[in-house]
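Chains, contacts and geometry: an overview
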Amino acid sequence: MVRYLLRRLVLGLITLWLLATIVFAITNILPTDVGRTILGPFAPPETVAALNERLGTNRPIPVRYADSIVGLVTLNFGDSFVNGQAVLPQVLGAVGRSAKLAALALLITIPLSIAAGLYAARRRDQFADRAIVLAGVTLSSIPEFVTGTILVVVVGVQLKLLPVLATAPENADLPTQIRFLLLPAVAMAIVYFGYIARMTRAGTIDVLQSDYIRTATMKGLTTLQTMRRHVLRNALVPTIAVIAVQIGYLFGGIIAVEKIFNYNGMGATMLYAAQRKDLPMLTAGVIVIGIVYMVATLVADLIIAWMNPRIRLEAER
Amino acid sequence: MDPSASIAAGQGLPPAELPVEAIPSSRAQRASARRERLALLVKRPAFLIGAGVMVFWIVCAVLGARITPYDPFNGFSLGRQPPSAQHLFGTDRIGRDVLSRVMVGSRDVLIVAPLAALLGVFIGTLLGLVMGFYRGIVDDILSRIVEAFLALPVILVALLTLVVLGSSSLVVIFVVGILFAPIVARTVRSAVLSERQLDYVEAARLRGESGPFILAREIFPNVLGPTIVELTVRFGYAIFTVATLSFLGVGLQPPSPDWGLSVSQEYTNMISGIWWPTFFPALAIASTVIAINLIADSLQSVMNE
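Residues numbered from 1 in each chain as written. Chains lettered and ligands numbered in written order. Predicted model: local features only at pLDDT ≥ 70, side-chain atom pairs only at ≥ 80, totals over all residues.

**Describing the overall build of chain B**
The number of helices and strands found in chain B is twelve helices and zero strands. Beginning at the N terminus, the succession of helices and strands in chain B can be written as α-α-α-α-α-α-α-α-α-α-α-α. Seen along its three principal axes, the alpha-carbon backbone of chain B occupies a region of about 80 × 45 × 25 Å. With 305 residues in all, chain B has 46% of them scored as buried. Taking contacts inside chain B between residues at least 6 apart in sequence as the whole, the part at least 24 apart equals 71%. (Helix = DSSP H or I, 4+ residues; strand = E, 2+ residues; numbered from the N terminus. Buried ≥ 20, exposed ≤ 12 C-beta atoms within 10 Å, placed from the backbone. Contact = placed C-beta atoms within 7 Å.)

**Brief notes about the overall build of chain A**
In terms of regular secondary structure, chain A is built from 13 helices and zero strands. Reading the secondary structure of chain A in the N-to-C direction produces α-α-α-α-α-α-α-α-α-α-α-α-α. Taking the principal axes of its C-alpha atoms as reference, chain A extends roughly 85 × 60 × 35 Å. Looking at chain A residue by residue over its 317 residues, the buried ones come to 41%. Of the contacts made within chain A by residues no fewer than 6 positions apart, 71% connect residues no fewer than 24 positions apart.

**Focus: the interface of chain A and chain B**
The interface of chain A with chain B comprises 42 residues on the first partner and 40 residues on the second. Looking at the side of chain A that touches chain B, the element that brings in the most residues is helix α10 (residues 223-261) of chain A, giving nine residues. For the side of chain A that touches chain B, the class distribution of residues is 30 nonpolar, ten polar and two charged. (Nonpolar A, V, L, I, M, F, W, Y, C, P; charged D, E, K, R; others polar.)

**With respect to the packing of helix α5 (residues 87-122) of chain A against helix α12 (residues 279-307) of chain A**
Residues and elements named next belong to chain A. Relative to each other, α5 and α12 sit at 50°, their axes nearing to 9 Å. For the element pair α5 / α12, the angle class is oblique. Handedness of the α5/α12 crossing: right-handed. Between α5, through V87, L88, Q90, V91 and V95, and α12, the contact on the second element is made entirely by P280, M281, A284, G285 and V288. (Axes fitted to C-alpha atoms, helices over the stretch in contact; angles between N-to-C directions. Parallel < 35°, antiparallel > 145°, perpendicular 65-115°, else oblique. Left-handed = near helix turned anticlockwise from the far one by under 90°.)

**Regarding the nonpolar core**
Within the largest apolar cluster, 171 residues are counted, with the highest numbers of intra-cluster contacts made by L156(B), L159(B) and V242(B). Residue contacts for L156(B): discarding those within four places in its chain leaves F251(A), G252(A), I255(A), M270(A), V286(A) and I289(A). With five residues, the next largest nonpolar core counts V207(A), V231(A), A235(A) and L236(A) among its residues. (Core = buried A, V, L, I, M, F, W, Y, C linked by C-beta atoms within 7 Å.)

**Quick word on unusual backbone geometry**
The omega torsion of the bond from P254(B) to P255(B) falls at 5°, within 30 degrees of zero and hence cis. Within the element layout of this structure, P255(B) appears in the loop between α10 (211-247) and α11 (259-266). Even without being glycine, K160(A) reaches a positive phi, approximately 55°. Following the sequence through the fold, K160(A) ends up in the loop between α7 (144-158) and α8 (174-208). Its identity is not glycine, yet N262(A) carries a phi of approximately 55°, on the positive side. Turning to its location among the elements, N262(A) is positioned in the loop between α10 and α11 (266-275).

**What about helix α9 (residues 199-206) of chain B?**
Residues and elements named next belong to chain B. Three or more residues of α9 are buried, namely Y200, V201, A203 and A204. The buried residues of α9 occupy an angular sector of 160° when the element is viewed end-on, so they sit on one face. Remark: G208 follows α9 within two positions and exhibits a positive phi of approximately 90°. (Arc of directions from axis to C-beta.)

**Remarks on the confidence of the model for chain A**
When pLDDT is averaged along chain A, the result is 87, and 97% of the positions lie at 70 or above. Within chain A, no element has a lower average pLDDT than helix α13 (residues 309-316) of chain A, which sits at 65, and none a higher one than α5(A), at 94. (pLDDT = per-residue confidence, 0-100.)

**Topic: α11(B)**
The periodicity of an α-helix, 3.6 residues per turn, causes residues three or four places apart in sequence to face the same way. The element α11(B) is largely enclosed, with a buried count of seven among its eight residues. All of the buried residues in α11(B) are W259(B), G260(B), L261(B), S262(B), V263(B), S264(B) and E266(B). Packed against the buried residues of α11(B) are α7 of chain A together with α4 (98-104), α5 (106-134), α10 and α12 (276-304) of chain B.

**Some details on the packing of α7(A) against α12(B)**
In contact at an axis separation of 9 Å, α7(A) and α12(B) are set at 140° when each is read in the N-to-C sense. Considered as vectors, α7(A) and α12(B) are oriented oblique to each other. Note on packing geometry: the crossing formed by α7(A) with α12(B) is left-handed. On the side of α7(A), the interface is formed by V146(A), T149(A), I150(A) and V153(A), while α12(B) contributes T278(B), F279(B), A282(B), I285(B) and A286(B).

**So, the environment of R124(A)**
Residue and element names in this part refer to chain A. Tracing the chain through its elements places R124 in the loop between α5 and α6 (127-140). Classification of R124 by C-beta neighbours within 10 Å gives partly exposed; the count is 15. Along the primary structure R124 and I29 are separated by 95 residues, whereas in three dimensions their C-alpha atoms are 52 Å apart. Not counting the four nearest positions on each side in its chain, R124 is found in contact with D129 and I205.

Here it is as structure tokens:
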């Protein structure tokens, strides 16, 4: 188990290094003149040169690359071009606020979609199964901001059931905060319902066809007992993997959802940085989300290995 | 392994698995298999609904302002009128007919998204073929790079890249296409991995065919099915991505009547009850992505049958 963990960690670090290299290439190699990119085509050349001097972007690319990798290792992503303060605390604060929204979305979508996937698998190829699969495919293909818009119009504006802005008043208690976050969370939950339900369904169907389930049924276990003791443990392996992947991707969709619902989290921070061409802020944001993704998939792999010794043994070989 | 045995096994395969030139009748057989699949496809209601919706939007995109009730760009009347008999979908903040704008709003995204999907599938298929076939160090290195790309949400990296490069339709196509390539590469790679173990590849090798030739003429035709499914799926995601980027202000640019852009220009008025200029473009996006996914899903099940 320790060797497996170490192997995964090393691979994760290599991926992180490659990821930082990709981001460096986008921000430092694609634009031939970073100062010009930030100030636009009409700025006088002296101003551009002065900005490049101040940002250190007039140094040769290998020097800048070494600098950015040192920055990654020491967790120093530089200062914001806009407010001059270190970007990492600002990004982490924003990620924290978004995490509240993301957690609520996952809390809604995970139980519902696993239940729907199990139900569909038990009724394979019957009407309920087809309906769940079709609904999953359909709902997961709609962008979050579109679902959000439709929810705002129907639930917020027409029925007036829930607030249409996500930010609760200052010092609001938890139920009030949740009430304000409910609509955007549902908008995201709807998108991820399809992926998780389909994975659960596929995993369960696989397991239901296996010999050991037939044995369990023949030795007289009730359906509920078989499901709990034998099916779930194995069927949820692909589900856990897909949830981990979605936790990282959630932070892509959250940008648009936060814009629709005017919520001050990761999305708002990234969009503001994008408007002001605040490259250190954007860079730190992308890398932090990359780390979130990798930690989530690592944790998922460990859970899977712990749940299913066969996978663990195979990985160790 | 005894070479003669594996060649014999190669001949035992259905003719469709062998090069087209070798057996003339295989072309006819392939064509008939294709007709059969098409017949299966048009029997599926999900496919018909999806295709119907897409035909509608393509007709709107091609005919544009010639079939809209009002001028979508300069037909100004009173702003912010709710839906009525004159303006079925109401008017937007500067008095343009929302229905007319929604009808022509399909044009830009239906050019940009398919091109982005095509680019992504093209690069991704090349990468996937090479990774799956050659394995070894090439595969290891490329796999790690693919993994690094997959760790990032497409929207976030696209946002960063478009900020750096500036937004234009061409840049959007390239950025989305390149960000889709690793996802496609992974799918194609696993399809190639299962193909390369089959006897016909061994047979081709024993015939002395070169690696690139085997890849292009033997393996590629056999992974074409998953590649086509991947193309339709990517097309759906390209619409998803381009619409989101336009909504975020870094995708298609004004004065395009693009749906995502319309939502971004009008959504702040939803709270004051002016929902129609946002709601109808949003529904248009939903109808398009659902239609493409219905088509992709039907294709996938027909291919698997």
